[in-house]
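# Descriptive structure summary
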Amino acid sequence: MADATLLDLSPDALEARLAALGHPAYRARQIAVAVFRQLVSSYDEITTLPAELRHELAARLPFTPCEPMDSVQTADGATRKTLYRLQDGETIETVVMEYPDRFTVCVSSQVGCAVACPFCASGRGGWVRDLTPGEIVSQVLHAARAAAAVGRRLTNVVYMGMGEPLANYESVLASLRIENDPRALGLGARSFTLSTAGDAPGILRLAAEPLQVNLAVSLHAGDDALRSALIPLNRRYPLDELLRACHSYVEITHRRVTFEIALIDGMNDDRRCAAAVAARLRGLLCHVNLIPWNPIPQLEWRRSRAAAVEAYEKTLSDAGIPTTVRDSRGVEIEAGCGQLRARPATR
Ligand code: SAH
């Protein structure tokens, strides 16, 4: 486990940490303003602090646990993937996407992933470890700085990078609270979307949180045999149990659940598959997001043909289920859904 860094601390925890070192509370507020408003990237840049305190903090409380190592962007510059090195040498990837009306960062929540969906690159090497809150907040701050550099503001944070966020519940929630805290980053609850492979107990736990974020659930199939083949976690939480949790989520939060369906040619994209999903979702306040599957190395599968995606969408829409097709970004730089992984060379 990495040592705590500045970005692991909530505003209250930072105040307590500084108090323990004999510093007044207003120092914590000065630091928060510099880090989350001015978006400085080192203690050296916090000019409101005396030099002595900057040195003391740099020695006792590292600023960030993530060092950007490398980044690639699409030809239009609108999508950029960054590789970070963590304190223990592990690596993660984060994707920033610029749209006319929003500026989104897709963050990783674990190094690797234990769910091991066969169609996703992130689970290839198995689970390595959970990220700390600071490692998640760092990815978001880095994106906020990238936005500021082009005169934009970060508007959305999606927990859809490497890892299963509900399997790292405490750190993910701690990071969300820091990103949401008006004394820290101050992003509204509506800015956040968390995507899960279907951790039913985690969904119920999330429903009870005071901080209510958007929930996305990876569905991919409406029958248990096919879904278990695509998402091994389905053996633990089969569709009945998962959808019960989703119904409870809607009852408790009054918020619509998004279901993600990656469409793979000849695998889960025919009319029968679409009809099975439609039957499962009947009566649930939801929205479906179809994701034409993005290729990953060493897998001979193909994304669904455009006509199959269209027919799938029509089956769901005809059943009264609002459905959209995700504009997958950055596939050419392996920054699309399911393409993120730590670089094997750095393992
Ligand atoms: N672990 C979380 C977040 C994963 S990424 C989850 O499973 O929900 C977000 C979405 O991308 C998920 O729905 C995931 O199933 C999907 N996905 C994974 N690999 C993909 C690929 N190669 N092409 C398209 N979508 C993919």
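How each quantity is defined
- Residues numbered from 1 in each chain as written.
- Predicted model: local features only at pLDDT ≥ 70, side-chain atom pairs only at ≥ 80, totals over all residues.
- Heavy atoms only, no water.
- Pairing = 2+ DSSP bridges.
- Helix = DSSP H or I, 4+ residues; strand = E, 2+ residues; numbered from the N terminus.
- Axes fitted to C-alpha atoms, helices over the stretch in contact; angles between N-to-C directions.
- Expected span 1.5 Å × (residues − 1).
- Buried < 20%, exposed > 50% of the residue type's maximum accessible area, 1.4 Å probe, protein only.
- Contact = heavy atoms within 4.5 Å.
- Domains from an automatic or database assignment.
- Buried area = accessible area lost by both parts, 1.4 Å probe.
- Salt bridge = Lys/Arg side-chain N within 4 Å of Asp/Glu carboxyl O.
- Near = heavy atom within 4 Å.
- Polar contact = N/O pair within 3.5 Å; in protein donor to acceptor, adjacent residues only side chain to side chain.
- Core = buried A, V, L, I, M, F, W, Y, C linked by side-chain atoms within 4.5 Å.
- Right-handed = clockwise from strand over helix to strand, strands pointing away.

### Quick look at the sheet that holds strand 7 (residues 156-159)
Strand order in this open sheet of 10 strands is 1-2-3-4-7-8-9-10-11-12, and the pairing throughout is mixed. The outermost strands of the open sheet, each flanked by one partner alone, are strand 1 (66-73) and strand 12 (323-325). Neighbour-to-neighbour, the strand axes of this sheet turn through a mean angle of 25°, independent of strand direction. The pairing of strand 3 (residues 91-98) with strand 4 (residues 103-106) spans four bridges and is classified as antiparallel. Counted as the bridge partner of valine 95 is cysteine 106 from strand 4.

### Side note on helix 2 (residues 25-37)
An ideal rise of 1.5 Å per residue puts 18 Å on 13 residues; helix 2 measures up with 18 Å between its terminal C-alpha atoms. Among the residues of helix 2, Arg27, Ala28, Ile31, Ala32, Ala34, Val35 and Phe36 are the ones counted as buried. On its buried face, helix 2 is in contact with helix 1 (11-20), helix 3 (51-60), helix 4 (133-149) and helix 5 (169-180). Once helix 2 ends, the next one or two residues include leucine 39, with phi positive near 60°.

### Focus on unusual backbone geometry
Positive phi, close to 65°, is recorded for histidine 220, a residue that is not glycine. Relative to the assigned elements, histidine 220 resides in the loop between strand 9 (214-218) and helix 7 (224-230). Phi at glutamine 298 takes a positive value of approximately 60°, unusual for a residue other than glycine. Along the chain, glutamine 298 falls in the loop between strand 11 (286-292) and helix 10 (306-318). On the basis of relative accessibility, which here comes to 72%, the residue glutamine 298 falls in the exposed class.

### Concerning the domain arrangement of the protein chain
Many authors give the size of an interface as the accessible area that is lost as the parts come together. By the assigned domains, the protein chain splits into domain 1 (6-60) and domain 2 (66-346). Inter-centroid distance (C-alpha atoms) of domain 1 to domain 2 is 33 Å. Here domain 1 and domain 2 share an interface that buries about 1200 Å² over both sides, 62% of which is from carbon and sulfur atoms. At the surface where domain 1 touches domain 2, the tally comes to one salt bridge. A salt bridge links arginine 183 to aspartate 12, with the nearest nitrogen and oxygen atoms 2.9 Å apart.

### Focus: the pattern of salt bridges
Under the criterion given, the structure shown has 17 salt bridges. The salt bridge involving glutamate 334 is made with arginine 341; its shortest N-O contact spans 3.2 Å. Its relative accessible area of 28% is what places glutamate 334 among the partly exposed residues. One salt-bridge network, held together by shared partners, links Asp12, Asp181 and Arg183.

### Thoughts on the site of the ligand
Lining the immediate environment of the ligand, one finds 17 residues, of which Gly163, Ser195, Ser218, His220 and Asn294 sit closest. Here an oxygen atom of the ligand and a backbone polar atom of threonine 196 are 3.2 Å apart. A distance of 2.6 Å is found between an oxygen atom of the ligand and a side-chain nitrogen or oxygen belonging to serine 218. Secondary-structure elements contributing two or more residues to the shell around the ligand are strand 8 (192-196) and strand 10 (257-263).

### Section: the nonpolar core
Residues Phe259 and Leu281 are the most contacted members of the largest nonpolar core, which totals 102 residues. Both domain 1 (6-60) and domain 2 (66-346) contribute no fewer than three residues apiece to this core. Listed in part, the nine residues of the second largest apolar core include Val95, Met162, Ile333 and Ala335.

### A closer look at the pairing of strand 10
In terms of residue burial, strand 10 counts as a mostly covered element, since seven of its seven residues are buried. Burial along strand 10 is two-sided: Val257, Phe259, Ile261 and Leu263 facing one way and Thr258, Glu260 and Ala262 facing the other are all buried. Relative to strand 10, strand 9 runs parallel, the two sharing three bridges. The residue bridging serine 218 from the neighbouring strand is glutamate 260, located in strand 10. Crossover handedness for the path strand 10 to helix 9 (residues 271-281) to strand 11: right-handed.

### Some thoughts on the environment of arginine 54
Take arginine 54: it is sitting in helix 3. As a C-alpha pair, arginine 54 and leucine 194 span 140 residues in sequence and 35 Å in three-dimensional space. Apart from residues lying up to four places away in sequence, arginine 54 is in contact with Tyr43, Asp44, Ile46, Thr47 and Leu49. In this structure the side chain of arginine 54 is engaged in a polar contact, spanning 3.3 Å, whose partner is the backbone oxygen of aspartate 44.

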